[in-house]
Each structure stands twice: as C-alpha cells, then as structure tokens.
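Overview (structure and organization)
If you want the building blocks of each chain, they are given just below.
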Amino acid sequence: MEYIFQAENIYKQYENHQALTDVSVSVPRDGIFGLLGPNGAGKTTLIRIINQIIAPDQGKLFFKGEKLHSKHIARIGYLPEERGLYKKMKVGEQALYLAQLKNVDIKDARKSLKEWFEKFDLMPWWDRKVEELSKGMQQKVQFIITILHKPELLIFDEPFSGFDPINVNLLKSEILKLRDQGTSIIFSTHNMSSVEELCDHIALINKSEKILDGKLDEIKKAHSNRIFTLEIGDLQKPMEKILSPVANILRLENGKDGLVKAKVRIEEGYNANDLIKHILPSVHFHGFQEELPSMNDIFIKTVTGKYPQELKKEDLKLHMDLDTN
Amino acid sequence: MNKTFTIIKREYLSRVRKRTFIVMTILGPLFMAALLIVPVFIARMSDSVYEVAVVDNTRLFYTEFADANNVVFTDLNIDVDSAIELMKADKFDAVLHIPTTAFQAPSTLRLFSEKAINMNAKLYIESILRNEFELMKLAHAGIDPEILKATETKISITAIRLLRDGHEQTDYPEVSMGLGIFGGILIYFFVFLFGSQVMRGVMEEKSNRIVEIIVSSVKPFQLMMGKIVGIAMVGLTQFLIWILLTFAIVGSVSAAMPEVFRFTPQENIYLNSSQSLNPTELQKQMQQVQQHNTPAGQIMESLRAINYKVMILSFIFYFLGGYLLYAALFAAIGSAVDNEADTQQFMLPITIPMIFSIIMAQLVMNNPSGPVSFWLSIIPFTSPIIMMVRIPFGVPLFDLWLSVTLLILGFLGTTWLAAKIYRTGILMYGKKVSYKELWKWVRRTG
C-alpha cells in the first residue's frame, strides 16, 4: 500500500510528561485516517509534529516516501482544533494573506477563493471584518483557507466543533468530495459516530502510546465480542435448549409476525458456523447477523480495558479522568 | 524569505491603515508644534500694559523707574492708602510702596495689587532696586562705582576640543546636554511604545488562536521577526512624518510671524539678572542678541557646529538596535502569557534597565568620558539611551564601534533567546508561567 505519510518510532518528551512514546503511524493515500484518543493522549502533539510546528525528540517522518522537509508544508493543509482569525482584518484580505503564506500565487488565490466563497454563500462578507461574522461563518472561512492551496494531505482536528447540523453535513460532504478527488485526510476527533461514518483507517493513541491501528472494518471484526442477532421462526423447543451449549441468550424479543429476535453470544470454543449448524435442524432462519461493537465501545474498551456496559463506577471515574486530562 | 516579507507587509499595512495611526501621525506634530509655539504666542498675546503707581517715601528712587516694554510707572507723591484707593478705582494695576525704612530694611518694600502680581513687573522692579541699593551702599562705603565697574569681569571659557585630525572644535556642553537627553528620551519612548505593540500583537494572535494556523505555514521565527520588523517600520514611518511635519509647521509659523520668536528685553533681564542694568544698556543688549557672543547666538552657532550626519545616523542605529533588542523580549513575554495582567511580572526586567538608563543620563552628561559613561554606553541593555546622550559630546571611535558591535550581538542574543520562548509559548494555553518554566523552554530542543 502506498502511504502519504509515515511516522516511525516517534518520541516526544515535555518537561513533566511523555507526550509520545515510540509511536509509528502510516497514513494510506486516498482515504480518511482517523486519529483517535482521549484528551491529553498525544494526538495534538503528533499532529503538530506532522505539520512541522514542533520537532520530535526521536523518530523518522516521511511525506510520500521522502524525508519530511519544510518544502512539504505547502502540500499539507491543517485545520487546528483551537483556531481563529484576526478579528479586525477583512475576511477576503485575510484569506488571501493566509493563502500567500502557503505559497499560493495571489491571482490564483483570489480566483479560487471567490469560487469557494460563492459555494459557501460568503461572497457578501468579503469586505467585512471577521468580527462581524457568526462563529459558523468564521469556521467556513477557516475551512476554505485550509483547503485553498489544494493540499495532498489534509489534517482536520475536531473539524465539526462549532457547526450546526446543517453545516456539519455540508462540511462532511465537502470532505468526502475531497477524498474522492484523491486527497488524503487525517481526521482527529472524539466523535465516534463520525469516525464510523467517515474513516477508512484509524489509529488510537492513549497515554502517549499507540495502542491500536488498522482498517476500521478489520478492527471492528477483531473486536467482535461474538454477539449475533438471529431472526428465527417455527421454534420447536425453548430457545435456551436450542442454543445450548454453543451460545447463550442475551436478549429475546417476540416480533409481531411470529418471528423471534434473539441477541446471543457464542461461547468460547465455538464459532458462527458451529452455531448455525447446531441450531439449523430446530429452527427456520430468517436472519443472521453479527453485531459488531461500535467504535465508541472499542474506544472505551481499548482505553479502559472494559466495555461500557461492564464499567463500574471506579472505571468510569478513571475514564472521566482520562477525558479531562 | 518571501513569506517573512508577506508577514512584514501585513503587520505594517494593518497598523498604518488604522485610524488611530493616521490621527496620531497628524496630531503628533500639531501637538509638538503647539508645545513650541503656543507658550511663546500666549506670552506675547497676554502682554497688556501693566501700570504701577510708585509711592516713594524716601523720594530717592522714583526717577529710576523707566518704563520698559509693558510695564509703565507713575510717580505718586501721596500716602499709600490714597494710592491704594486709586488702584481700587482701577487707575493702576499695582502700587509699589517704598517706605522711608526701605534702605535699612529692604524687607519693608511692598507691592500691592488686587489681581495676581505680574511676575515680569516684580522681577523688573527688584532688579532696579537691587541695582540702586548697591550703588548707594557703595557710595556709603566711599567706593566709586566707576572703579567697581572697571573691575567687573565677565568670564566665559570657550572649550576647544583638539580633534585627532588636527582640527579644533568649540564645545558647547549645554547644547550637547539638551540634544543628548532629547535623543535618549526619544529612544526610550520608541522602544516602549513599539515594543509593547509587538507584545500586544503576539498576545492578540495567541488569544485569537490564529497562531497555530500561521505556524503551520511559516516558522514561528519568521512570524516573530515579521512582526518585529513590520512594527519597526511603522515606528520609523511615524517618526519620519512627525519630524517632517513638525519642522514644516514650526517653520511656516515662524516665517509668517517672525516677531513672535524674537527675544524681548525682559528675557534678557533674566538671562543677565546678576548684572547691573539700566534701560539704555537694555537697548544695547537687544541689539547684541543677533551677534554671536550672546547666549542665543552661541546656541545658534553650536547647533550649527553639531555633526548632524553622525547624530542622525547614530540615532537611527540606536533607535533600531535598542528597539530590536527589546522587541524580541517583548515578543517572548507576549507569547508566554494568556492576558495582559500576567505580563507585569515579566515586564520588570525589561523596564529596569531602561529606567536606569534615563536616571543615569544626568551622571553621564556630567562626565561623558568617565568610566560609568563608558560601561553604560557599551552594555547593550543601556547603550541605546546612554550612547545617544554621549554622542553630542563626541565619542571615541573605539567606544562607538564596541558599542555598535555589542548591541548587534545583544539583539541577536535576545532574538535567539526570545525565539525559543516564543515557539513554545504561542502554543501554550491556560498555564501561568514562571521564570523557571521559561528557562526550561529556552533549553528545550526542537
């Protein structure tokens, strides 16, 4: 697989804490790469290292296989989590200024800025001061500034914070369009539902170390907790007896059409095939589906060691601590 | 380099186009010119004739009061109370009472007035009476006033400095002092005014949270230097316009109303108050004003004698050098704090050498070539102000080059130090920073 960005064995130490310990990530081309982790895990440090804002203590960095160099800055677009604009500066002028800092020719910048401003209904605000814009509009301007120089790698740190749902959808569709046009994207967020929606690959960082990475669907499979949903009819025996000893029932629902919906967990030593073979003689199959854990569950499980439903009070406290760090 | 230029351009234009800059740039010279012109003008305008009634009980002195400029004397051979009644009836502005005891006890002399006493008139009367009393005392002692006058010697040493190239140069320490302290104070203001603009600019970028967007495109050092250089150019622009406009305004006003700027007899009385004067001598003095051997003439001549090329060049250098040295530190402070209130603790080490320089300026002027002057004018933190104070007195080339070199090294040093604090500080939020912490940032690599 071709990678747009690779970080190998990155270490970064701050005065009082270790921010990154032996972190290696490989960001594939043409996809959306989710960078996940609790607050304070080291995500922002890693993102800043990728943007060459800070340098790692140790480790190697590659952009498209080349050693990372300051010339690559113009190929990367970064929307930081903590972002703002000069309040007193005019919107259009400011966008042009920031584009010039990314080495975009001023004529090209003006032309493509106008296109983007039209698209986002910002044109009437070109000559207004930033402070006159609503927060949502400012965010749109920042988004445009981030992508204006047509970077090959885009890094979004919590891009949806501060947007209303309509604009979140607008932004999502723009991000997906960019991906389809061949831009690689690193996407850092706490919002697990948007991770499931957008990401192809993920890496999870906790307490300065990478603890999980890979393709999203593979990770989900690997975290399968052997829970399946069965839809069956024509029960000959009680459900428990049919399943035993291959699986046990977690929940049972009686549907209106006489079908039974059962959520079951397969016992150790058996697999899905065993279950089907075991119960096939006794039931009439209408549906069979694996219940993969949500990214939210995987996140919490990986970070705290337990699934959310298994968490006790102490664990939750631990999790809260992680979150506020 | 290209990006640094883009940053300089923004920093410069965004400030120069501000309404406050335009207003300050135009109002500044008007204000400065007003400071120079208005007092002179007001002094002239308010000089209405001041009428003094003289009640001389001794009948010895009343003839000596000659009308001068705006003070008019009238001899009244009546008792004081009647004279005061006349004054109350607005016939006079003041009543001078010379009682019979005046000569033995000068403290019994009285000047009555309903309004505030006119200081010019009072000083003029005092100088006349002092002169007359002295003459009478001399007569009592049997000394011929003519002899005394012959012994009177006016001494004014012309200080000549022998220059290395064999030329002689007349020194005028008073003028040098004035120019030196003016230059020093100007640098002091420039550094503080524009240094704190750098600090506020950095804090603005930090609190706006635009800084992370910018440093993902340029190096933090480029952003910092762009800001420092941009603001330096704003400062130079403003001062250049100020100086040009001030000269233009003062020049045109003095050309339009030359009489406003001429010396008046009263001013000469103050200038020569220790000398004995009578009205005819006053006239002579007035004519001498135009010649070089009078104080005013000396000032004119010594202003011409100053080496303006050296003055202006060194002013611009120390202007910029001092600013660059401190602006980097101001930028570091701005980056390390989250709000204006937290800047206080870090401002102190910057303020102290600056204020110290201004305080020491007096000492330096008293002995411009002494060891204190030497050391303070080569240490980069004090040299911009102290060297400006020294330069009008003439500075050995060695001192000057040493000072210049050390100042350049100094601002390279503070810039290097500040850059290290800056790149960490701009990304650090919600943390109250101590000196210890700053030192860790300096030592941090990468």
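Residues numbered from 1 in each chain as written. Chains lettered and ligands numbered in written order. Predicted model: local features only at pLDDT ≥ 70, side-chain atom pairs only at ≥ 80, totals over all residues.

**Description of the sheet that holds strand E9 (residues 201-206) of chain A**
Residues and elements named next belong to chain A. Counted only if it meets this: We treat two strands as partners when DSSP finds at least two bridges between them. Counting from the N terminus, the helices are DSSP H or I runs at least four residues long and the strands are E runs at least two residues long. Each axis is a line fitted through C-alpha atoms, and for a helix only the stretch in contact is used; angles between axes span 0 to 180 degrees, taken between their N-to-C directions. Contact between two residues is assigned when their C-beta atoms, built from the backbone, lie within 7 Å.
The strand order across the open sheet formed by 6 strands is E6-E7-E8-E3-E9-E10, and the pairing between neighbours is mixed. The open sheet has two free edges, formed respectively by strand E6 (76-79) and strand E10 (209-215), since each of these has just one partner strand. Across the sheet, the axes of successive neighbouring strands diverge by a mean angle of 15°, strand direction being ignored. Bridging between strand E3 (residues 32-36) and strand E8 (residues 184-188) involves 4 bridges; their strand directions are parallel. Note on E8: the bridge partner recorded for Ile32 is Ile185. Contacting E3, strand E7 (153-157), E8 and E9, helix H1 (residues 43-50) crosses the sheet at an angle of about 150° to E7.

**Observations regarding the nonpolar core**
Soluble globular proteins tend to pack their nonpolar side chains together in the buried interior. What counts here: To form a nonpolar core, buried Ala, Val, Leu, Ile, Met, Phe, Trp, Tyr and Cys residues must be joined through C-beta atoms within 7 Å. Field definition: a residue is buried when 20 or more other C-beta atoms are found within 10 Å of its C-beta, exposed when 12 or fewer are, and partly exposed for counts in between, with C-beta atoms placed from the backbone.
A:Ile155, B:Ile228, B:Tyr323, B:Ala327, B:Ala328 and B:Ala331 are the most contacted members of the largest nonpolar core, which has 130 residues in total. Sort the elements by how many residues they give to this core and helix H12 (residues 308-336) of chain B lands first, with 16 residues.

**Observations regarding the confidence of the model for chain A**
For clarity, the cut-off: A score between 0 and 100, pLDDT records how confident the predictor is in each residue.
Across chain A, the average pLDDT comes to 86, with 94% of residues at or above 70. Below pLDDT 50 for its whole length, residues 318-325 of chain A participates in 11 contacts with residues either more than four positions away or in separate chains.

**Concerning the domain arrangement of chain A**
For the record, the criterion: Segmentation into domains, and thus their bounds, comes from an automatic or database assignment.
Domain assignment breaks chain A into domain 1 (3-221) and domain 2 (225-290). Placing a centre on the C-alpha atoms of domain 1 of chain A and another on those of domain 2 of chain A gives a separation of 45 Å.

**A closer look at the packing of helix H2 (residues 91-101) of chain A against helix H3 (residues 106-119) of chain A**
Residue and element names in this part refer to chain A. Short version of the rule: Comment on the angle field: the value is read as roughly parallel under 35 degrees, roughly antiparallel over 145, roughly perpendicular from 65 to 115, and oblique elsewhere. Working rule for handedness: look at the near helix, and if it is turned counterclockwise from the far one by less than a right angle, call the crossing left-handed; if clockwise, right-handed. Residues are grouped as follows: nonpolar covers Ala, Val, Leu, Ile, Met, Phe, Trp, Tyr, Cys and Pro; charged covers Asp, Glu, Lys and Arg; every other residue, Gly included, is treated as polar.
Here H2 crosses H3 at 130°, and the two axes come no closer than 10 Å. One finds that H2 runs oblique with respect to H3. The way H2 lies across H3 gives a crossing that is right-handed. Across the interface between the two elements, Gly92, Ala95, Leu96, Ala99 and Gln100 of H2 pack against Ile106, Ala109, Arg110 and Leu113 of H3. Per-class residue counts for the contact of H2 with H3 are 6 nonpolar, 2 polar and 1 charged.

**Quick word on helix H4 (residues 135-147) of chain A**
Residue and element names in this part refer to chain A. Definition in use: Helix span is expected to be 1.5 Å times the residue number reduced by one.
Over its 13 residues, H4 extends 19 Å from the first C-alpha to the last, a length consistent with the 18 Å expected when each residue adds 1.5 Å. Within H4, burial applies to Gln138, Gln139, Lys140, Val141, Gln142, Phe143, Ile144, Ile145 and Thr146. Those residues of H4 that are buried are in contact with E6, H2, H3, E7 and helix H5 (165-180).

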